[in-house]
Each structure stands twice: as structure tokens, then as C-alpha cells.
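# Per-entry structural report
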Amino acid sequence: MRILVIGSGGREHTICWSLKKSDKVKELFCAPGNAGIAQIAECVPIAVSQFDELTRFAKEASIDLVFVGPDDPLADGIVDAFEAAGVPAFGPNKLAAEIEGSKIFMKNLLKKYDIPTAKYETFTDYESASAYLSEQSTPIVIKADGLAAGKGVTVAYSMEEAETALREAMIDKVFGEAGNQIVIEEFLEGQEMSILAFVDGETVKPMVPAQDHKPIFDGDKGPNTGGMGTYTPLPHIDQAIIDESIANIIIPTAKAMVSEGRPFRGVLFAGLMITKDGPKTIEFNARMGDPETQVVLPRLKTDLVDIVLAAMNGRLGELDIEWSDDAAVCVVAASEGYPGSYPKGRVITGIADAEAQGALVFHAGTAMKDGAFVTNGGRVLGIVGRGRDIAEARARAYEAVSVIQFEGKQNRSDIAAKALR
Ligand code: AMP
Ligand code: GLY
């Protein structure tokens, strides 16, 4: 088969790496890709937003299957565009991707079908939002309705912070259109967990669970990022809680989407909080997580192409998906200044040495310059260690992190520490 992956981050490098292991894949393309992806796939310089160029390329190159990585093109209907051009694409169509594209759609869906989530109210005008807010207590959570590159959520610990977040979203429009409507919701306390699942209408095949670390600094301090590190499995979380999350949240949500006439086909990603009243939904994403993918796919034993084809043909229920029982830890190496502005073009050394030690090095923001890898983004690399348990995987990940250098490299030193306690 000839497969085209859409995207350019660490998630897409991992998807390419996983697809590449399949003997069904004869040729692999990635648009636009990055310097790491270019080592295993042919990169095509077309942006993820250029649907006409992408579909034209897919037809000219006789692509048999497209795998879409990121959220923005899904929300804008990239799967519909490929389907209209007669090219099979794995991912939700525009209607189904709204589960991530609109927080209000997602919250109303969960309320209608009685699926556990934080209590909330939605607002379209600043005055009523502000009046409602003044009657609440802190901590409280303010969310822009639309996609805001992962920055549309404020967990406010003081009323002042909450008011600022509201003003920025609704009056200053710092998230543009995404802030035209907002959600004010109850603060949930507990451990977070990500469960991704392959979904084909009502059929749900969960992946192994993972935990992300969103804030930039150790101890979950500082501003939120796209994700600074992940690990799987979660030895400190009971299997019963994981099973409960799948049974009470993910499966009912897939069914609800079918009932709403928006059957979901692709990867559904539930961001969950394990509260004292059980697991509750924080968010749904309509795609794989980044950097969750970097630890989850290395544990996949079944051929990823078989899974995608089964989902595309409505046969996901017939497939037994197998996972290894080892552990994986991903530490993100980021540019100095991230998640604010950061320099580019700094030479990266030690990748081959880290790989020789057995680490997986997935490129997120890299480019090739004069024969060397250089930094080209905020999150630069996802460095993955694997082992029999979290302690071993974590030690190997950090060993590899210490071998890889670039000026201004920053990484958290406490990824997966929670799982050791
Ligand atoms: P999101 O962009 O929706 O993933 O939210 C970013 C982060 O904000 C989440 O990973 C949580 O840590 C936090 N968060 C979002 N909603 C809530 C909530 N209702 N209660 C507590 N924390 C939340
Ligand atoms: N790591 C969180 C996300 O992909 O949304």
C-alpha cells in the first residue's frame, strides 16, 4: 500500500515509525513532515491546511490510505475533502470532529447522554458570563469554546485570574473566534489520565492508558504546554478505574455520536480526571495525543495498518488488538523560552548515540541544515525509554536525554515520578 500521513510533529513521526513496521506498507509519504520523519518517509512540502493540494497529490501519487495526525485539519473537514476526492482517509469527518472542535458541543452531548463530566454553564456574551462568575467560588475553570492551540483553558485559583481569563477570551479576543463562546466549569480534583481508543461507530477498542505532563516546569509549575512527557502503563491506577472509564465514558460517548447522526471513525482520546466520585471527562480529542502516541504505539503488537483498515471497513469488532506488557516513558526536550517564543536553528548532537543505547528518538520540531539536525520548533524531540517497568524505562529515557544536547535545551526531570511513589 501507499500511505500518506498528515502532520509534522512527534506524534506523526511515531505514526510513521509504527506504519513502517507493517509489511503491507510499500511506500510511505508524510505532508509536510520534519527532519526525523524524512529518514523513514518521503516528505511532501504541503501544509496541513492546503486541502486542494493535498488531495491532488494523493490522487497523483495513487495513495491508498491517508492517516491524519493533527486536530485543526480534522475540525476543518480534511477527511471530508479526501473522501470527496475518492481517497480513503482515517479520522473523523468534520461533523464528528466537532467533539474536539467545540467544547460546548462536547459538554452538551455529555449532559444529554448523562456521561460524567464537570458541571458547567456556557455563555455567548461577556456580561452574563461575568455576572455568573461573580457568584462562583475558586478554583474555577474558564474555557474558550473552539480550538486554541491547547491554550484556551485557564484553571483559575483566584477570582482575579478568572476575571482576567474571561476578559482576554471574550473582550480582547486573544484566541480569536475560538473565544466567541465560553464554558465556565467546575474544578475537578484528582489524577489525570488519557485513554485513547480506536473507534468505528459503536465499536471501541481502547489503547493502553497514558499520563501526560502539561505544565512546562517540574512539579506541574508554570504555564501549560502541548505536553512535556508521558508514560504508560499507570501502575498506580487500578485497572477497575480504567475499565470504569471505558464503560461509563468512552463507549457511551461513541454510542451518543452514532445516535446524533455523527458516527465517529478514527481515534477518540478521552482526557479524564479520576475524582473521588469516579472518573470524569475533562475533554475529548478527535485524534491521537502528542506526546501520548510516542509511548502508546511502541507498545502496540498488532499491525497498525490492519487496525486502520478494519476501522475503515467497519470490522474493528472482529480484531483482537495486542499490547506488550512493558513500560515506556517519553521525555520532551524543548527549546529555551517554550511555550513562549524560542530560537530556531540550534545544532542537535547525540541522537544517534541515544538510539544506539536503545532509545527511540521521535522528532517534533527539527530541520536538517548542512547535514546536521537543528532545532525548528518549541517541542524539539520526544525521547522514549522502554523497559520491564516504569523505573527501568524512565532511567533509560533520562540516560538518553543526557546524551542529546542543543543550546538552551529544557526538559522536565520528573516525568513519570508519580508512578514510582
Ligand atoms: P485541555 O486543554 O482541555 O486539555 O485542558 C488543559 C488542562 O487544564 C487539563 O489537562 C487539566 O489539567 C486542566 N483542566 C481542564 N479542565 C479542568 C477541570 N474542570 N478541572 C480541573 N482541571 C482542569
Ligand atoms: N498531549 C495532549 C494532547 O495531545 O492534546
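Structure: above.
Below or above, wherever it landed, is the structure these notes cover. (Residues numbered from 1 in each chain as written. Chains lettered and ligands numbered in written order. Predicted model: local features only at pLDDT ≥ 70, side-chain atom pairs only at ≥ 80, totals over all residues. Heavy atoms only, no water.)

## Considerations on the nonpolar core
The cut-off we apply is this: Only buried Ala, Val, Leu, Ile, Met, Phe, Trp, Tyr and Cys residues count toward a nonpolar core, and they belong to the same one when joined by side-chain atoms within 4.5 Å. Accessibility here uses a 1.4 Å probe with only protein chains present; expressed as a share of the type maximum, an area under 20% marks a residue as buried, one over 50% as exposed, and anything in between as partly exposed. Put simply, DSSP H or I for four residues or longer makes a helix, DSSP E for two residues or longer makes a strand, and each gets a number counted from the N terminus. In this description, contact between two residues means that some pair of their heavy atoms is separated by no more than 4.5 Å.
Judged by nonpolar contacts, the single largest core of 75 residues is most densely connected at Leu4, Phe82 and Ile99. In terms of residue count, the dominant contributor to this core is helix α9 (residues 239–259) (seven residues). In contact with Ile99, not counting residues within four places along its chain, are Phe105, Met106, Leu109, Thr253, Met257, Phe264, Leu268, Phe284 and Ala286.

## Some details on the site of ligand 2
Our working rule: Here, proximity means that at least one heavy atom of the residue falls within 4 Å of the molecule or strand. Polar contact criterion, stated in full: a pair of N or O atoms within 3.5 Å, where within protein one must be able to donate a hydrogen and the other to accept it, and residues adjacent in sequence count only if both atoms are side-chain atoms. Residue exposure ignores everything except the shown protein chains as possible cover, and the areas themselves are Shrake-Rupley values with a 1.4 Å probe. Amino acid classes used here: Ala, Val, Leu, Ile, Met, Phe, Trp, Tyr, Cys and Pro are nonpolar; Asp, Glu, Lys and Arg are charged; the rest, including Gly, are polar.
The environment of ligand 2 is made up of Asp212, Lys214, Gly226, Phe269, Asn285, Arg287, Gly289, Asp290, Pro291 and Glu292. In the model, an oxygen atom of ligand 2 is placed 2.9 Å from a nitrogen or oxygen of the Arg287 side chain. For ligand 2, whose unbound accessible area comes to 200 Å², protein coverage reaches 90%. For the shell around ligand 2, the per-class residue count stands at two nonpolar, three polar and five charged.

## Section: the packing of aromatic side chains
The following threshold applies: Side-chain rings of Phe, Tyr and Trp (the six-membered ring for Trp) are treated as a pair once their centres are within 6.5 Å; stacked means planes under 30 degrees apart, edge-to-face means over 60, and tilted covers the remaining angles.
Evaluation of the coordinates by the stated rule reveals five aromatic pairs. Ring plane angle 70° and centroid distance 5.5 Å describe the contact between Phe29 and Phe57, whose orientation is recorded as edge-to-face. Of this pair, Phe29 sits in strand β2 (residues 27–32) while Phe57 sits in helix α2 (residues 51–60), and the two are 28 residues apart along the sequence. On the accessibility criterion, Phe29 (3% relative accessible area) is buried. Residue Phe57 is classed as buried on the basis of its relative accessible area of 16%.

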